[in-house]
Amino acid sequence: MPTQTRAPRGERGGCPGPVGTARRRPRKRKKAGGLRAAAGELPARPDEPREVGKRPDTDGPAEPAEEAEKPAGLSRRQRRNRQKRQRQQEPPAGSDGERGSGPGPPDPPGSAEAAPEPRSGRSAALRARMEERLLGARFRYLNQQLYTGSSRDAARLFRADPAAFHLYHRGFERQVRRWPERPVQRIVRYLRRRPASLVVADFGCGDCTLAASVRNQVHCFDLVPLSPRVTVCDMAKVPLAAESVDVAVFCLALMGTNLQEILGEANRVLKLGGTLMVAEVASRFEDIHAFLKAMTQLGFRTVSKDLSSSYFYLLEFAKKGPARPGPAPGLRLRPCLYKRR
Ligand code: SAH
């Protein structure tokens, strides 16, 4: 498997998906290296070993990428004024093809004008900021539900509120776009090197990028159909016959707490000797060795592991038999949680 290039210094990994966080209150600057323990984050120097641990000031490893753009050495007021000036110089939302397409609400009307904002412009700006905060809060809530509940809870949540699913996906897209490489592209490249006759199951397929990028037959499973190819279901129970697929894929999709059940389902549908590909946020792994050991109990042999990226790990397994019953204590992934900033 090709080696993943390290992202340039200053780029941030972290869990996909923050939304509505573009104009948070500035935080105190941390000492150099203070964020380093954050899994998913780059060490200060590329050659420095990265600690996979918990960041001291957050519940989890996420570090929204906007933080990287924070100007150093300015007071809170100076930063606020500077941001305001920058906003006034930016083109209006949507004019560059990216702005306005992200998860946050569009920029307030009039923000492109250099003249002092009229009163109505100010209140519109305030309203837009409030809306953005509300979206951010909603995203954080949603994200927490997904990572701290079972896959069944996630299915219930999105069934009850499909709009929430779209909000989550806009946030996911926005974050992953900032990564040096999308994990799904690694899986696309992997599949293109293997016979197109292999049947694939994509657990948590999102917008079906994988299916759209390879010649293989791909069964796409997700909670809400972002594409007509999607079969809507909980990934812990997919409508496939036992031993019917050659490759099972979980690309940033191991979100539910019932990991053993979910991976057990992948084992059920995989043919003996079939491949399981897992791409997951690096910072989520508490103990990668314990995780790999637990996978043997679930009937999988590790074929290759690419731990070189600060953003995500890419693991390849082969099914060597059915999952053995009993708990697999090493099978733990940290949730990606965001604190209000
Ligand atoms: N694999 C895609 C999308 C990753 S986002 C990519 O890499 O681009 C994670 C996806 O997993 C989301 O689309 C989410 O809806 C889906 N997901 C989370 N829990 C799920 C569950 N219990 N059953 C099915 N899909 C689930």
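Residues numbered from 1 in each chain as written. Predicted model: local features only at pLDDT ≥ 70, side-chain atom pairs only at ≥ 80, totals over all residues. Heavy atoms only, no water.

Q: For the site of the ligand, give the residues involved together with the corresponding values.
A: Inspection of the region around the ligand gives 18 residues, with His-169, Gly-204, Asp-222, Met-235 and Cys-251 positioned closest. Between an oxygen atom of the ligand and a side-chain N or O atom of His-169, the distance comes to 2.6 Å. Here Asp-222 contributes a side-chain N or O atom positioned 2.6 Å from an oxygen atom of the ligand. Contact with the protein chains hides 98% of the accessible area of the ligand, taken as 570 Å² for the molecule alone. Ranked by residue count, the leading element in the shell around the ligand is helix H4 (residues 162-176), at three residues. In the shell around the ligand, the residues fall into eleven nonpolar, four polar and three charged. (Near = heavy atom within 4 Å. Polar contact = N/O pair within 3.5 Å; in protein donor to acceptor, adjacent residues only side chain to side chain. Areas by Shrake-Rupley, 256 points an atom, 1.4 Å probe, with all protein chains shown as cover. Helix = DSSP H or I, 4+ residues; strand = E, 2+ residues; numbered from the N terminus. Nonpolar A, V, L, I, M, F, W, Y, C, P; charged D, E, K, R; others polar.)

Q: Quick rundown of the confidence of the model for the protein chain? Include the residues and the values.
A: Here the protein chain averages 74 in pLDDT, and 65% of its residues register 70 or above. Below a pLDDT of 50 lies the segment residues 17-72, which in the model reaches 156 contacts outside its immediate sequence neighbourhood of four places, other chains included. A low-confidence stretch, residues 88-114 (pLDDT under 50), is modelled with 45 contacts involving residues beyond four sequence positions or located in other chains. (pLDDT = per-residue confidence, 0-100. Contact = heavy atoms within 4.5 Å.)

Q: With reference to specific residues and values, describe the packing of aromatic side chains.
A: For the structure on display, the rule yields eight aromatic pairs. On the basis of an interplanar angle of 85° and a centroid distance of 5.0 Å, the ring pair of Phe-158 and Phe-165 is categorised as edge-to-face. An identical accessibility class is assigned to Phe-158 and Phe-165; each is buried. Summarising the aromatic geometry, the rings of Phe-285 and Phe-291 are spaced 5.1 Å apart at their centres and angled 85° between planes, so their arrangement reads as edge-to-face. Judged by relative accessible area, which is 1%, Phe-285 ranks as buried. (Phe/Tyr/Trp six-rings, centres within 6.5 Å; stacked < 30°, edge-to-face > 60°. Buried < 20%, exposed > 50% of the residue type's maximum accessible area, 1.4 Å probe, protein only.)

Q: Which residues make up the pattern of salt bridges, and what values do they have?
A: Here the structure, examined in full by the defined rule, presents twelve salt bridges. Note that Arg-152 is salt-bridged to Glu-261, the shortest N-O span being 3.0 Å. Highlighted residues: Arg-152 in helix H3 (residues 151-160) and Glu-261 in helix H7 (residues 259-269), separated in sequence by 109 residues. What you see here is one network of salt bridges that share partners, running through Glu-181, Arg-186, Arg-189 and Asp-306. (Salt bridge = Lys/Arg side-chain N within 4 Å of Asp/Glu carboxyl O.)

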